[in-house]
Each structure stands twice: as C-alpha cells, then as structure tokens.
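One letter stands for each residue in the lines below.
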Amino acid sequence: MSLFPTARSVPMSSSSSRFQITCSAASWSERNEIRLGLPGKGRIDGDTRNFLNNCELPVKQDNPRQYVAQIPQVHISFIQTHSFDRSLSSINNFLMQLLVAVIEVCFQRPTDIVRRLLSGDLDLGIVGLDTVCEFGQGNEDLIIVHDALGYGECRSSLAIPNCGIFENINSLDELAQMPQWTKEKPLRFITGFTYLGPKFMKENGLNHVSFSTADGALEAAPAMGIADVILDLVSTGRTLKENKGGIVLRSQAVLVASKRSLLGRKNSLDATREILERLDAN
Ligand SMILES: Nc1ncnc2c1ncn2[C@@H]1O[C@H](COP(=O)(O)OP(=O)(O)OP(=O)(O)O)[C@@H](O)[C@H]1O
Ligand SMILES: O=P(O)(O)OC[C@H]1O[C@H](OP(=O)(O)OP(=O)(O)O)[C@H](O)[C@@H]1O
C-alpha cells in the first residue's frame with residue numbers, strides 16, 4: 001500500500017504525440033499534498049529556484065517542460081481521521097490514516113499564482129509583493145507569511161516627464177495641483193496596475209484622471225501621445241528615469257499563503273512552518 005496516495009498518472013495520446021499529465025485529487029478538501037505555486041518563467045523564476053536551493057528546498061523536476069514538480073525534502077506526516085474503513089483490520093486502518101503530505105510545486109505565471117491561491121487550488125506561492133497587492137486586491141484570504149525573501153526587488157513608480165508643461169513639476173502634489181486637469185481634459189495615465197494605479201491616484205487627490213493600460217513598453221506611451229504619465233515597475237531605473245511622482249509600492253519576492261488552507265488543513269500549516277524554518281535558517 002502506498003503512503004503517497006495523492007497523485008495518479010494519466011497517459012494521454014494523440015495521433016501525432018504522446019504525453020503524460022499528473023493529476024491530483026481535484027477538490028481542496030480531497031487532496032493531501034500541499035501545493036506551492038512558483039513562477040514558471042519570467043524575471044523571478046531563476047532567482048526563486050536558486051533561493052530554494054540555497055535554503056535546502058530544491059525543486060525536483062524530471063523534465064524542464066513539466067509544470068508539476070516536487071520539493072522532496074519536506075514530508076509532513078498526518079493522521080487522516082475521516083476515512084475509517086470498517087472492512088479493514090485496525091492495523092490497515094491505521095496505515096491508511098497515517099499519510100504523508102508532499103509539497104507539490106505548480107509552475108504558473110505570477111498572476112495566476114495569486115488567482116489560484118484565492119480559488120483554493122494552491123496553498124502557498126512565491127511571487128512579487130506587487131503581484132499580490134495588484135491581483136489580490138486586499139482579499140483577506142491572502143496572508144504574507146514571509147515578506148522579504150531578498151530578491152526580485154523593484155518598486156512601482158510614477159514617472160512624470162521632464163519636459164513641456166511638466167518641466168517644473170517635481171512632486172505628486174504639484175502634479176495634482178496643475179490647473180490643466182479638468183473633467184473634460186483629464187490627466188492621461190497609463191499603467192499595468194489597473195487596481196493599484198487608480199487607487200493611488202484617488203488617494204493622492206488626483207480627481208481628473210483617465211486611465212489606459214498596456215501589457216508592456218509603457219514608456220513609449222508619452223512619446224506616442226497616448227498618455228501624460230506612467231505608473232510602472234522600476235528596478236535598475238534604466239528604463240524610467242523620471243520618478244518625480246513618487247513610489248506607489250516597494251516590492252520583492254514574498255511567500256504568500258491561502259488563509260483558508262492554513263486554517264483548514266493542519267498539514268498545510270505544518271508544511272508552511274517547516275518551509276519558514278528552512279528559510280530562516282539560511
Ligand atoms: N524591472 C522589473 N520589471 C518587472 N518586474 C520586475 C522587475 N524587477 C523585479 N520584478 C518582479 O518580477 C515580477 C514579474 O515577473 P514575471 O516576468 O515572471 O511576470 P510576468 O509579468 O507575468 O511575466 P511576463 O513578462 O511573461 O508577462 C514582478 O511582478 C516583480 O515582482
Ligand atoms: O528599471 P529597469 O531595470 O529598467 O526595469 C524596468 C522595466 O522592466 C519592466 O519591463 P520588462 O522588461 O518586463 O518589459 P515590458 O516593458 O514589456 O513589460 C518594467 O515594465 C520596466 O519597463
């Protein structure tokens with residue numbers, strides 16, 4: 001009898017290719033493994049793997065194209081009390097109930113990690129704080145359990161041009177007080193932060209503002225006549241030098257958890273505790 005009853009492999013085939021997917025019990029309450037979402041590719045993917053290696057939590061991935069892997073170093077033993085089977089002897093029942101939860105890694109885009117923590121399909125995740133704040137939108141089910149993993153540092157900054165009517169504008173207050181902005185002719189603002197951006201503007205007294213968004217290359221928008229100011233991520237500052245508008249949020253990689261999972265599943269809490277101990281030891 002396997003003490004790892006959580007995963008099963010389903011072979012799939014098509015006329016041109018064969019591939020395998022690994023499926024786990026679907027619903028939140030049925031699965032025993034702890035699911036940790038990690039960025040699959042992008043800016044913090046490599047640093048996240050290096051970080052976990054340094055903390056003696058290496059990700060075991062048989063094939064770099066696999067979206068599901070494991071952290072074999074962490075095993076959480078727990079007793080499952082709800083599956084007592086009357087047809088089995090007491091020793092078999094005991095073995096069935098003494099399960100080992102493994103940490104299953106799911107490689108996802110950072111935005112999807114936040115979404116899946118909220119839907120209950122992930123228990124833990126590592127992403128930038130900016131992504132948690134933007135896509136979590138203050139949802140209380142997201143708990144930052146480690147707020148400074150020490151990499152992925154950046155800030156979301158408001159960039160105001162240094163020329164034209166903005167030449168002498170040196171702060172957000174001065175931007176807000178410019179007489180040019182009216183209901184009919186608002187300040188045009190472009191950002192990928194469609195939740196945090198408008199909130200920040202409103203909180204800082206910028207009432208006559210219109211928003212647009214783009215998936216990248218926001219810096220091009222003023223030159224194209226699409227926007228007056230930009231709210232974007234800055235790390236080295238090479239791309240956006242004009243940060244006169246101030247910093248909306250300082251960010252770095254964080255470990256975030258689903259509160260529902262921590263409160264509802266003891267093995268989730270135990271796994272989080274063990275991961276935190278290893279992070280703090282390094
Ligand atoms: N200069 C930077 N620009 C953007 N993100 C940065 C920068 N420095 C650090 N980061 C961090 O990296 C995260 C972006 O990571 P990643 O590139 O994987 O996400 P993504 O935007 O979904 O990817 P993609 O580029 O495929 O859309 C940001 O949320 C932030 O926390
Ligand atoms: O301060 P820096 O080191 O210059 O980094 C900041 C730039 O990096 C990010 O863009 P990214 O390279 O992800 O491309 P994008 O503009 O297409 O999003 C961000 O959107 C800024 O444009």
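Owing to the predicted nature of the structure, the values given are computational and were not obtained by experimental measurement.

### Observations regarding the site of ligand 1
Around ligand 1, the surrounding shell holds 14 residues, and the nearest of these are Arg43, Arg109, Asp130, Thr131 and Ser235. Thr131 places a polar side-chain atom, nitrogen or oxygen, 3.1 Å from an oxygen atom of ligand 1. Contacts to ligand 1 include Ser235, whose side-chain N or O atom sits 2.7 Å from a nitrogen atom. Protein chains shield 71% of the accessible area of ligand 1, which is 630 Å² for the free molecule. A domain split of the shell around ligand 1 shows at least three residues from each of domain 1 (7–151 + 253–281) and domain 2 (154–251).

### Description of the pairing of strand β8 (residues 154–159)
Across the six residues of β8, five count as buried, placing the element largely inside the fold. Across five bridges, the pairing between β8 and strand β11 (residues 229–234) is antiparallel. Note on β11: the bridge partner recorded for Ser156 is Leu233.

### Side note on the domain arrangement of the protein
If you check the domain split of the protein, you get domain 1 (7–151 + 253–281) and domain 2 (154–251). Contacts between the two partners involve eight residues from domain 1, matched on the other side by eleven residues from domain 2. Summed over both sides, the interface of domain 1 with domain 2 buries roughly 720 Å², with 57% coming from carbon and sulfur. By the criterion of area lost to domain 2, the three top residues of domain 1 are Asp130, Glu134 and Gln137, representing 67% of everything that side buries. Linking domain 1 with domain 2 are five residue pairs in polar contact (both at pLDDT 80 or more), by the criterion used here. Among the elements that make up the side of domain 1 that touches domain 2, the one with the highest residue count is helix α4 (residues 129–136) (four residues). Of the residues in the side of domain 1 that touches domain 2, the class split is two nonpolar, three polar and three charged.

### Quick word on the nonpolar core
Ranked by size, the top nonpolar core spans 27 residues in total, and within it Leu36, Ile71 and Ile126 carry the most contacts. Where this core is concerned, the elements lending two or more residues are β3 (34–39), α1 (45–54), β4 (68–79), β5 (98–108), β6 (124–128), β13 (253–258) and α9 (266–281). Per-element tally for this core: the top contributor is β4, with four residues. Ranked by size, the runner-up nonpolar core spans 19 residues in total, among them Ile160, Phe166, Phe189 and Val209.

### Regarding the packing of helix α3 (residues 110–119) against α4
Closest axis-to-axis distance for the α3/α4 pair is 9 Å, and the angle between their directions is 55°. Compared by their axis directions, α3 and α4 come out oblique. Seen from above, α3 lies across α4 with right-handed handedness. Two secondary-structure elements touch here, α3 through Pro110, Thr111, Val114, Arg115 and Leu118 and α4 through Thr131, Val132, Phe135 and Gly136. Among the residues making up the contact of α3 with α4, the classes are represented as five nonpolar, three polar and one charged.

### As for the packing of aromatic side chains
Tallying each qualifying case throughout the model produces three aromatic pairs. Aromatic side chains Phe166 and Trp181 sit 6.0 Å apart centroid to centroid with 20° between the ring planes, which places their arrangement in the stacked category. In this pair, Phe166 is assigned in the loop between β8 and α5 (172–176) and Trp181 in the loop between α5 and β9 (187–191), connecting sequence segments 15 residues apart. Taking relative accessible area as the criterion, Trp181 reaches 7% and is therefore assigned buried.

How each quantity is defined
Numbers given to residues run from 1 along each chain, matching the order in which its sequence is written. Here chains are named by letter from A upward and ligands by number from 1 upward, in the order in which they appear as written. This being a predicted model, a pLDDT of at least 70 is required before a residue's local features are given, and a value of 80 or more before pairs of side-chain atoms are given or counted; all residues contribute to the totals for chains, interfaces and linings. For side-chain calculations, the full set of non-hydrogen atoms in the structure is used, while hydrogens and water are omitted. When we say a residue is near a molecule or strand, we mean one of its heavy atoms is within 4 Å of it. Within 3.5 Å is the distance limit for a polar contact, defined as a pair of N or O atoms, with the added protein rule that one can donate a hydrogen and the other accept it, and that residues adjacent in sequence qualify only through two side-chain atoms. Each accessible area is a Shrake-Rupley result for a 1.4 Å probe, and residues are judged covered by the shown protein chains and nothing else. Reported domain spans reflect what an automatic or database domain assignment gives. With a 1.4 Å probe rolled over the protein chains alone, any residue whose accessible area is under 20% of its type maximum counts as buried; one over 50% counts as exposed, and the rest are partly exposed. The helix count covers DSSP runs of H or I at least four residues long, the strand count covers runs of E at least two residues long, and both are numbered beginning at the N terminus. In this analysis, strands are considered paired if DSSP registers two or more bridges between them. What makes two residues a contact is simply this: any of their non-hydrogen atoms within 4.5 Å. Note: buried area is the sum, over both parts, of the accessible area (probe 1.4 Å) each one loses when the two are combined. Each residue gets one of three labels, nonpolar for Ala, Val, Leu, Ile, Met, Phe, Trp, Tyr, Cys and Pro, charged for Asp, Glu, Lys and Arg, and polar for the others, Gly among them. Only buried residues count toward a nonpolar core. Its members are Ala, Val, Leu, Ile, Met, Phe, Trp, Tyr and Cys residues joined through side-chain atoms within 4.5 Å. Axis lines are fitted through C-alpha atoms, for helices just across the contact stretch, and the angle between N-to-C directions can take any value from 0 to 180 degrees. Here the angle decides the label: under 35 degrees means roughly parallel, over 145 means roughly antiparallel, 65 to 115 means roughly perpendicular, and every other value means oblique. By the definition used in this description, the sense in which the near helix is turned from the far one sets the handedness, with an anticlockwise turn below a right angle giving left-handed and a clockwise turn giving right-handed. Pairing of aromatic rings covers Phe, Tyr and Trp, the last through its six-membered ring, and needs centres within 6.5 Å; plane angles under 30 degrees mean stacked, over 60 mean edge-to-face, and all others mean tilted.

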